Amino acid sequence: MSVEAIEEKLRSLESESGRLDLDAGRRREITDQVISYAERFLSALPTMPTYNHVLKPGSGIEEHRIGDEPESLAVLLKLFADHVDAPGLNPASGGHMGFIPGGGLYPSALGDYLAAVTNRFSGLFRAGPGAVRLENLLVDWMKELLGYPESAAGTLTSGGSVANLAAIVTARDPLSSKDYHRAVVYTSSQAHESVFRALRVAGMSEATVRHVAVDRQCKMEPGDLDRQIERDRADDLLPWLLVASAGTTNTGVIDPLESLAQIAARHKLWFHIDAAYGGFFMLVEESRRALRGIADADSIVLDPHKGLFLPYGCGCVIVRQGQKLYDAHHGTADYLKDFETGAAGRSPSDYSMELSRHFRSVRMWLPLKLLGLAPFRAALEEKLYLARWFWERIVEVDGFECLGYPELSVATYRYVPASGSPNDFNRRLMDAVQKDGSIFLSSTIIDGEVYLRMCALSFRTHLDHVRQALDLVVTLARKLEQA
Ligand SMILES: *Cc1c(COP(=O)(O)O)cnc(C)c1O
């Protein structure tokens, strides 16, 4: 092909490909449309159902196949409204009190917008020194909040599950694969399922997993842990990893971290704390007492998209001896030589599996700086009191019984019917709450018994929502009892 022909070809391609780079007028136009969509969504939010049970949910999406022809934004936003925002769970709603609620702070959306438009490379210091410093500033703040030493290092991840994986891989790194079959992991029946998944993904399927006994509040029993470790040692096994929860997903209780840390230290186990749910309660003075010992772990996981109310897509792992996180994750590549950082800054890509990555610090930094910490503290303390209010109220209602007083922001309760199986009744009650949809609650199983949970963690959940939840559960229980 002649150079002239190539240029001719390029001119024609450029006129087509140039459409990817929108001009200012078009940018303005679509930005305005998206912002008015978001504003309509946010103003309708208080009256939208929290859970919308529909047949064939979201199926309209597949009718619009990906193809060459452009479609108008108005059509796409309508599609989004009808088939994405309508069906299923609405996690942005203050009525979401099931599972562990997420958040969706508005300034985070703007942070994501800035991050995406500027698209700074946040993996390597030389490429994005400011972007890397922004992330390290946040990690350092979390280290200080939890009481970790200067030598700790961490990184922002996509969520808590991936952060648990990073911690477990770091704990595994010094083990020889010849010892995997002798390795023993200690945790409880209350550990989050991602811990077990992470063990498998980390190649530790051969390891033995021991469930340490839990007390009536579902907290790990240190005495039982100690005995199991001793027995395993005597059997020539290799006690390796202890995983505690600082805020269990089921009932929101905190394992006895201080005692567990002492046992782990005595037996030289890696001590990991999964604080994806409860870690940010360190911002609340009175919860700091309940979380004593949180600084004694070898690694810890936090979930800013839970406890800091960020939109989904932001977890964090911190390792006490930061060098170990680096050793387990850093890489080298010939084409990256220009970007090796030395001491100038810790590059997130040296501390995680990600190289090119979401510039996710902006979504966390912007709301924290724009609003200051005080409203975050107040919102978390409010969640503690909401769970207490719900517990105090429901425990007084005839027929209801509760598990222990909430330690964080989960209240666990069930209805005991005059006759018939309590489990069947509570399953039907849960189903009726979810079909109603005005608020969303979820259930769990403890020692074979079905319990209902109320977890307050959304920044939008206030007393009115919790009152509504109480009224709904009580009304539906009465209805079912009479049916
Ligand atoms: C939510 C949660 C996880 C998993 O975190 P994701 O961000 O959903 O991946 C792990 N552990 C606990 C205790 C959790 O509550």
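What counts as what
- Residues numbered from 1 in each chain as written.
- Predicted model: local features only at pLDDT ≥ 70, side-chain atom pairs only at ≥ 80, totals over all residues.
- Heavy atoms only, no water.
- Phe/Tyr/Trp six-rings, centres within 6.5 Å; stacked < 30°, edge-to-face > 60°.
- Helix = DSSP H or I, 4+ residues; strand = E, 2+ residues; numbered from the N terminus.
- Buried < 20%, exposed > 50% of the residue type's maximum accessible area, 1.4 Å probe, protein only.
- Lys NZ or Arg CZ within 6 Å of the ring centre and 35° of its normal.
- Lys, Arg positive; Asp, Glu negative; His and termini not counted.
- Salt bridge = Lys/Arg side-chain N within 4 Å of Asp/Glu carboxyl O.
- Contact = heavy atoms within 4.5 Å.
- Core = buried A, V, L, I, M, F, W, Y, C linked by side-chain atoms within 4.5 Å.
- Pairing = 2+ DSSP bridges.
- Axes fitted to C-alpha atoms, helices over the stretch in contact; angles between N-to-C directions.
- Near = heavy atom within 4 Å.
- Polar contact = N/O pair within 3.5 Å; in protein donor to acceptor, adjacent residues only side chain to side chain.
- Areas by Shrake-Rupley, 256 points an atom, 1.4 Å probe, with all protein chains shown as cover.
- Nonpolar A, V, L, I, M, F, W, Y, C, P; charged D, E, K, R; others polar.
- 1 Å grid on protein atoms, 1.4 Å probe; cavity = no way out; pocket = protein on both sides within 12 Å on 5 of 7 lines; lining within 4 Å.
- Points joined across faces, edges and corners; volume = space filled by probe spheres on them.

**Student:** Mind showing me how you'd approach the packing of aromatic side chains here?
**Tutor:** Note on aromatic pairs: each is described by the distance of the centres and the angle between the planes. Under the criterion given, the structure shown has 13 aromatic pairs. Residues W141 and F280 carry aromatic rings whose centres are separated by 6.3 Å and whose planes lie at 20 degrees to one another, so their mutual orientation is stacked. Of this pair, W141 sits in helix α5 (residues 129-146) while F280 sits in the loop between β7 (270-275) and α10 (285-290), placing them 139 residues apart in sequence. The two residues W141 and F280 agree in class, both being buried. Ring centres 4.9 Å apart and planes at 75 degrees place the aromatic pair F400 and Y415 in the edge-to-face group. Taken as a pair, F400 in strand β10 (residues 400-402) and Y415 in strand β11 (residues 410-415) lie far apart in primary sequence, 15 residues in all. Accessibility classification places F400 together with Y415 in one group, the buried group. In this structure an aromatic cluster arises from ring pairing among F390, F400, Y413, Y415 and F425. The residue whose ring lies beneath R388 is Y385, and the NZ or CZ to ring-centre distance is 4.7 Å.

**Student:** Help me understand the side chain of R172 in this model?
**Tutor:** You can see R172 is positioned in helix α6 (residues 160-172). This buried residue, R172, is left without a salt bridge; D173 holds the nearest opposite charge, at 4.6 Å. Leaving out residues up to four positions away in the same chain, R172 has contacts with Y180, A202, M204 and W240.

**Student:** Help me out: how do you make sense of the nonpolar core in this one?
**Tutor:** Nonpolar side chains in soluble globular proteins tend to end up buried together. Among the nonpolar cores identified, the biggest contains 58 residues, and M142, F271, I294 and M364 are the most heavily contacted of them. The biggest single contributor to this core is α5, with six residues. Not counting residues up to four positions away in its chain, the partners in contact with M364 are L138, W141, M142, L156, P304, L308, L310 and C314. If you look at the next biggest cluster of nonpolar residues, it comprises 30 residues, including I394, F400, V466 and L476.

**Student:** Help me understand unusual backbone geometry, please; the structure alone is not making it clear to me.
**Tutor:** Residues apart from glycine generally show negative phi values, whereas peptide bonds are mostly found in trans. One non-glycine residue, N119, lies in the positive phi region at around 45 degrees. As for its position among the elements, N119 is in the loop between α4 (106-118) and α5. The phi dihedral of D236 falls on the positive side, at around 65 degrees, and the residue is not glycine. Within the secondary structure, D236 sits in the loop between α8 (222-234) and β6 (238-245).

**Student:** Explain the sheet that holds strand β13 (residues 449-455) here, please?
**Tutor:** Neighbouring strands of a sheet are bound in pairs by backbone hydrogen bonds; such pairs are parallel or else antiparallel. In spatial order, the strands read β10-β11-β13-β12; together these four strands make up an open sheet with antiparallel pairing. Two strands close off the open sheet at either side, each with one partner strand: β10 and β12 (442-446). Each strand axis lies, on average, 40 degrees off the axis of its neighbour in the sheet, ignoring direction. Sheet analysis places β12 next to β13, joined by five bridges and oriented antiparallel. If you follow S442 over to β13, its bridge partner there is R453. With respect to the sheet, helix α16 (residues 463-482) is in contact with β10, β11 and β13, its orientation differing from that of β11 by roughly 15 degrees.

**Student:** Would you mind going over the environment of R133 with me for this structure?
**Tutor:** Residue position: R133 is located in helix α5. Overall, the relative accessible area of 52% leaves R133 in the exposed class. Remark: the alpha-carbon pair of R133 and P348, spanning 215 residues in sequence, is separated by 9.8 Å.

**Student:** Would you mind showing me how to read the site of the ligand here?
**Tutor:** Near the ligand there are 15 residues, and of these S161, D274, D303, H305 and K306 occur at the shortest range. S161 places a side-chain nitrogen or oxygen 2.6 Å from an oxygen atom of the ligand. Contact between the ligand and H305: an oxygen atom at 2.7 Å from a side-chain N or O atom of the residue. Out of a free accessible area of 380 Å², the ligand has 85% covered by protein chains. Among the elements of the structure, α6 and α11 (304-307) are those that each provide at least two residues to the shell around the ligand. Top contributing element to the shell around the ligand by residue count: α6, with three residues. Partitioning the shell around the ligand into residue classes produces three nonpolar, nine polar and three charged.

**Student:** It is not clear to me how empty space enclosed by the protein should be interpreted in this structure. Could you clarify?
**Tutor:** A water-sized probe, rolled over the atoms, reveals where empty space remains. Considering all chains together, one arrives at one cavity of 30 Å³ or more under this definition. Within this model, the largest cavity holds a volume of roughly 70 Å³. Along its surface, the largest cavity is lined by Q217, C218, T251, V253, L403, G404, Y405, P406, E407, V410 and T412. When grouped by side-chain class, the residues that make up the lining of the largest cavity number six nonpolar, four polar and one charged.

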